[in-house]
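Reading the structure
Single-letter residue listing:
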Amino acid sequence: MVLALQSALNKTFPPIRDHQRVVLAGLTTVADWICSGSFFENPSKPWLPCIDRALDNAGFITPTLRNGLAFGDIFQNHQGAPYQPNQTQLTLCQNCSGKGIYILEAPMGFGKTEAALYAAYQVLERGEACEIYFALPTQLASNKIYDRFRHFLETILTEDSHHRQSLLLHGNAWLSDQELGEEGRPGHSWFHSSKRGLLVPFAVGTLDQALMAAMNVRHFCARLWFGW
């Protein structure tokens, strides 16, 4: 296959190192999923115009953010009054800049979830990321955060954004009614395959779903490529 591609493209491919092989395998897997979709079912139909639509449908669209939102614009109490960030939340948001691991330790009720989400919003706004995976240790915790995360997305994304719905990812997520819906395009039910779940731009799930990108399990190449 490689020789045929080199001949067809009249190119000589450079040597591929071990870590590059994994990423290339992931790219090939995702490309195969996309080109196996309904956009390319009719062999008599020109396929070039379908590429952009297929990529959009698979989620490769930059999310459209509402810029300049303050903490209180995103998080309000039941009466709609804006929350003001406490010192713990301010400290995290002020120090979360660029790639890295940020650890916030605080007692229950100090607003760690809101602090993490607002820090993530700032990263998205700066263009340093274009997706969020909210990983939690248990399925129960994931289920409880899911609705809050969906509300967060509906607040920070414009109404015409394709990503205003999120996906719940864990072994028993199928028990929850969380279809993306037509307004949840791109991809809608395309993402509900257990193999493709981590390709969705915004998701909540268990930590093991992310850790499997670094483990020698089935389709780990696709998971690793998505996080590359």
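Refer to the structure above for everything that follows.
Keep in mind that what you see is a predicted model, and the values were worked out from it rather than measured. Counting from 1, residues in each chain are numbered in the order their sequence is written. Thresholds applied to this predicted model are a pLDDT of at least 70 for local features of residues and 80 or more for the giving and counting of side-chain atom pairs; totals over whole chains, interfaces and linings are not thresholded and use all residues. Side-chain numbers come from the whole structure's heavy atoms, not from hydrogens or water.

As for the packing of aromatic side chains
- Aromatic pairing here means that ring centres of Phe, Tyr or Trp (its six-membered ring) are within 6.5 Å. Orientation follows from the plane angle: under 30 degrees is stacked, over 60 is edge-to-face, and everything else is tilted. Under the counting rule described, the total for this entry stands at six aromatic pairs.
- Taken together, a centroid distance of 4.9 Å and an interplanar angle of 50° make the contact between Phe71 and Phe75 tilted.
- Residue exposure (1.4 Å probe, protein chains only): buried if accessible area is under 20% of the type maximum, exposed if over 50%, otherwise partly exposed. Judged by its relative accessible area of 7%, Phe71 falls in the buried class.
- Pairing Phe134 with Phe149 gives two aromatic rings, centres 6.2 Å apart and planes at 75°, and the pair type is edge-to-face. You can see Phe134 sitting in strand β1 (residues 132-136) and its partner Phe149 sitting in helix α7 (residues 139-156), a full 15 residues away along the chain.
- A relative accessible area of 13% places Phe134 in the buried class.
- Among the residues examined, Phe149 registers a relative accessible area of 0% and is labelled buried.
- Cluster of aromatic residues (ring-pair linked, three or more members): Phe71, Phe75, Tyr118, Tyr121, Phe134, Phe149 and Phe152. Under the scheme used here, helices are H or I runs from DSSP no shorter than 4 residues and strands are E runs no shorter than 2 residues, and both carry numbers assigned from the N terminus.

With respect to the pattern of salt bridges
- A pairing counts as a salt bridge when a side-chain nitrogen of Lys or Arg comes within 4 Å of a carboxyl oxygen of Asp or Glu. Under the criterion given, the structure shown has three salt bridges.
- As a salt-bridge pair, Glu114 and Arg148 come within 2.7 Å of each other at their nearest N and O atoms. Pair noted here: Glu114 is in helix α6 (residues 112-125) and Arg148 is in helix α7, with a separation of 34 residues, a long-range link.
- Its salt-bridge partner being Asp147, residue Arg150 comes within 3.4 Å of it at the nearest N-O pair. You can see Arg150 and its partner Asp147 sitting in helix α7, three residues apart, about one turn around the helix.
- With relative accessibility at 48%, the residue Asp147 sits in the partly exposed group.

Here's the deal with a nonpolar patch on the surface
- Exposure above 30% relative accessible area and no salt bridge define the residues that can form patches, which grow by joining like charges within 9 Å and nonpolar side chains of Val, Leu, Ile, Met, Phe, Trp and Tyr within 5 Å. For the area figures, the Shrake-Rupley method with a 1.4 Å probe applies, and any residue is considered shielded solely by the protein chains shown. Residues Val2, Leu5, Leu9 and Phe13 make up a contiguous nonpolar surface patch of roughly 340 Å² in combined accessible area.
- Examined against the element boundaries, Val2 turns out to sit in helix α1 (residues 2-9).

Points about the packing of α6 against α7
- Here an axis means a line fitted to C-alpha atoms, over the contact stretch when the element is a helix, while the angle between two N-to-C directions is reported on a 0 to 180 degree scale. For the pair α6 and α7, the least separation of the axes is 12 Å and the interaxial angle reads 35°. Every pair of crossing elements has a handedness; the one defined by α6 and α7 is right-handed. On the side of α6, the interface is formed by Thr113, Glu114, Leu117, Tyr121 and Leu124, while α7 contributes Ile145, Arg148, Phe149, Phe152 and Ile156.
- For this scheme, ten residues count as nonpolar: Ala, Val, Leu, Ile, Met, Phe, Trp, Tyr, Cys and Pro. Four count as charged, namely Asp, Glu, Lys and Arg, and the remainder, Gly too, count as polar. For the contact of α6 with α7, the class distribution of residues is seven nonpolar, one polar and two charged. Crossing handedness follows the turn of the near helix against the far one: under a right angle anticlockwise gives a left-handed crossing, and clockwise gives a right-handed one. Should any heavy atoms of two residues lie within 4.5 Å, those residues are counted as being in contact.

A short note on unusual backbone geometry
- Here Asn10, not a glycine, exhibits a phi torsion of approximately 55°, which is positive.
- Residue position: Asn10 is located in the loop between α1 and α2 (18-35).
- Of the residues examined, Asn10 reaches a relative accessible area of 69% and is grouped as exposed.

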